[in-house]
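Inside the fold
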Amino acid sequence: MTSAADTAPAAPKAKRDRTHYLYIAVIIAVALGIAVGLAAPDFAVELKPIGTGFVNLIKMMISPIIFCTIVLGIGSVRKATKVGAVGGIALGYFLVMSLVALGIGLVVGNILEPGTSLAVTDAVKEAGHAQVDAEAKGTTEFLLGIIPTTLVSAFTEGEVLQTLLIALLAGFALQAMGPAGAPILRGVEHIQRLVFRVLAMIMWAAPIGAFGAIAAVTGSAGLDALKSLAVLMLGFYVTCVLFVFVVLGVLLRVVSGLNILTLFKYLGREFLLILSTSSSESALPRLIAKMEHLGVSKPVVGITVPTGYSFNLDGTMIYMTMASLFIADAMGTPMSIGEQIPLLLFLLVASKGAAGVTGAGLATLAGGLQSHKPALVDGIGLIVGIDRFMSEARALTNFAGNAVATVLIGTWTKEIDKERVNDVLAGRVPFDETTLLDDGHGGETRAEVPEPGGDKELARA
């Protein structure tokens with residue numbers, strides 16, 4: 001018994017050490033990618049499939065992880081009204097924060113006026129119009145697209161909201177089955193453990209993916225694009241930083257009593273992953289796992305995180321605001337406040353139709369301007385060169401917004417274990433990087449919750 005107890009703590013320590021080396025390797029790979037992109041741009045662009053392949057590996061895990069998380073969360077809660085309350089609060093919060101992000105971008109964009117010194121050439125116009133053909137969906141098509149063709153196609157097509165719908169239906173069905181649904185929940189729990197273990201294995205390819213992604217971005221844009229559009233880029237980055245640390249930081253402190261820097265330190269590896277791949281989706285599965293480990297209940301995590309990835313795009317809101325003002329100034333047709341507000345409200349709605357599309361920020365901006373103010377489409381080519389660099393700030397801001405939103409909504413719905421939050425953020429309850437799950441944190445209890453007396457918060461063991 002003693003030897004087993006001695007052996008158990010030793011293994012996790014060794015595994016955690018190995019994951020530290022993994023993320024050090026990611027940092028080195030990013031530096032090498034930048035160097036290769038600057039030294040051999042043509043060769044670096046050819047490395048793009050490496051980064052794309054890694055992101056696609058992560059994306060293929062998103063649907064099963066979301067399905068398992070939501071089914072276990074909802075199926076284990078006896079009151080359906082609790083799930084409805086979480087969804088309603090989440091959507092209301094997302095709308096308010098999107099408007100706040102638009103407002104901040106509006107103020108900064110009007111102060112900087114970064115596009116006044118640029119000229120629009122025929123080549124720029126062609127590049128702008130090419131973006132209108134991007135794969136962005138209209139709002140009606142987007143809403144109808146939430147319904148999958150078949151029960152299984154939600155998983156094969158990789159649509160997050162389709163998976164969310166199927167998982168909600170399955171969760172409510174299991175909830176209605178009561179104790180009879182417990183064996184199914186146990187089965188789903190085992191599948192979840194398998195899926196997270198596969199994800200942990202995929203993460204070992206992160207350095208290779210990061211190298212390919214960063215090299216391709218650096219090689220395709222180069223320093224010239226960065227110099228000519230530095231004001232817009234810096235202004236956008238500063239605006240994102242202000243939004244995250246002032247707006248979100250104050251909200252998190254007032255509502256949950258947490259320091260945003262402490263939360264971000266806990267999510268440091270996810271931020272590094274996003275920075276190296278320019279995709280917030282690459283960190284979605286890990287955000288779900290880490291928010292549950294933090295002490296937020298499974299229903300709150302399962303609903304807030306996937307929905308937030310489609311509806312809580314704070315970084316994209318700021319980007320579209322500043323880019324619209326930049327393009328209008330560069331075209332020599334600056335917009336008055338009366339023209340800016342309707343356009344931005346239109347883009348607020350349009351952005352929901354491009355959720356999950358690669359390059360969604362630029363695609364949505366192009367589609368929105370084409371529908372609402374076609375004359376500005378010519379100027380979109382001005383920002384094509386630096387869009388990938390700005391997409392990193394968009395992705396980091398979107399991720400930060402969804403992490404904070406999960407904690408806030410957990411606090412408002414009283415579905416968060418504050419004592420555990422303090423323990424996790426203080427480092428007393430480390431996250432298991434090998435399984436991405438907590439064996440001793442609500443593990444076997446989840447499948448037994450539908451039995452009498454099971455109306456408990458799933459965040460508590």
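Conventions used here
Residues numbered from 1 in each chain as written. Predicted model: local features only at pLDDT ≥ 70, side-chain atom pairs only at ≥ 80, totals over all residues. Heavy atoms only, no water. Salt bridge = Lys/Arg side-chain N within 4 Å of Asp/Glu carboxyl O. Helix = DSSP H or I, 4+ residues; strand = E, 2+ residues; numbered from the N terminus. Buried < 20%, exposed > 50% of the residue type's maximum accessible area, 1.4 Å probe, protein only. Expected span 1.5 Å × (residues − 1). UniProt positions renumbered as here; feature names shortened; annotations may be inferred. Core = buried A, V, L, I, M, F, W, Y, C linked by side-chain atoms within 4.5 Å. Contact = heavy atoms within 4.5 Å. Phe/Tyr/Trp six-rings, centres within 6.5 Å; stacked < 30°, edge-to-face > 60°.

Concerning the pattern of salt bridges
Following the criterion strictly, the structure yields five salt bridges and no others. The closest approach of N and O atoms between Arg 193 and Glu 189, which form a salt bridge, is 3.3 Å. Note that Arg 193 and Glu 189 are positioned in helix α9 (residues 182-202) at a spacing of four residues, about one turn of the helix. Given a relative accessible area of 24%, Arg 193 falls into the partly exposed group. With a closest N to O distance of 3.1 Å, Lys 298 and Glu 292 form a salt bridge. No difference in accessibility class separates Lys 298 from Glu 292, as the two residues are buried. Three or more residues are tied together by salt bridges with common partners; here these are Glu 270, Arg 286 and Lys 290.

Observations regarding helix α8 (residues 160-177)
When the terminal C-alpha atoms of α8 are compared, their 26 Å separation across 18 residues agrees well with the 26 Å that a helix rising 1.5 Å per residue should span. Buried residues of α8: Val 160, Leu 161, Gln 162, Thr 163, Leu 164, Ile 166, Ala 167, Gly 171, Leu 174 and Gln 175, and no others. Immediately beyond the C-terminal end of α8, within one or two residues, lies Gly 178, with a positive phi of roughly 65°.

Observations concerning the UniProt feature "transmembrane region" (unreviewed entry) in the protein
The sites that carry the UniProt feature "transmembrane region" (unreviewed entry) are, in the present numbering, residues 21-40, 60-77, 89-112, 160-182, 194-217 and 229-255. End C-alpha atoms of residues 89-112 are separated by 35 Å, and the span's content is 100% helix alongside 0% strand. Within the segment residues 160-182, helix and strand shares are 83% and 0% respectively, and the terminal C-alpha atoms sit 26 Å apart.

Looking at the nonpolar core
Counting 109 residues, the largest nonpolar core has Leu 263, Tyr 266, Leu 267, Met 291, Leu 294, Leu 365 and Val 404 as the members making the most contacts within it. Not counting residues within four places of it along the chain, the set of residues in contact with Val 404 comprises Tyr 93, Leu 248, Leu 252, Ile 260, Leu 263 and Phe 264.

Some points on the packing of aromatic side chains
Under the definition given, this model contains seven aromatic pairs. Plain terms: the ring middles of Phe 264 and Phe 271 are 5.0 Å apart, the flat faces sit at 70° to each other, and that makes the pair edge-to-face. Taking the centre distance of 5.1 Å and the plane angle of 80° together, the rings of Phe 271 and Phe 399 count as edge-to-face. Here Phe 399 lies in helix α20 (residues 387-412) and Phe 271 lies in helix α13 (residues 268-277), a separation of 128 residues in the sequence. In this pair, the class of Phe 271 matches that of Phe 399, namely buried.

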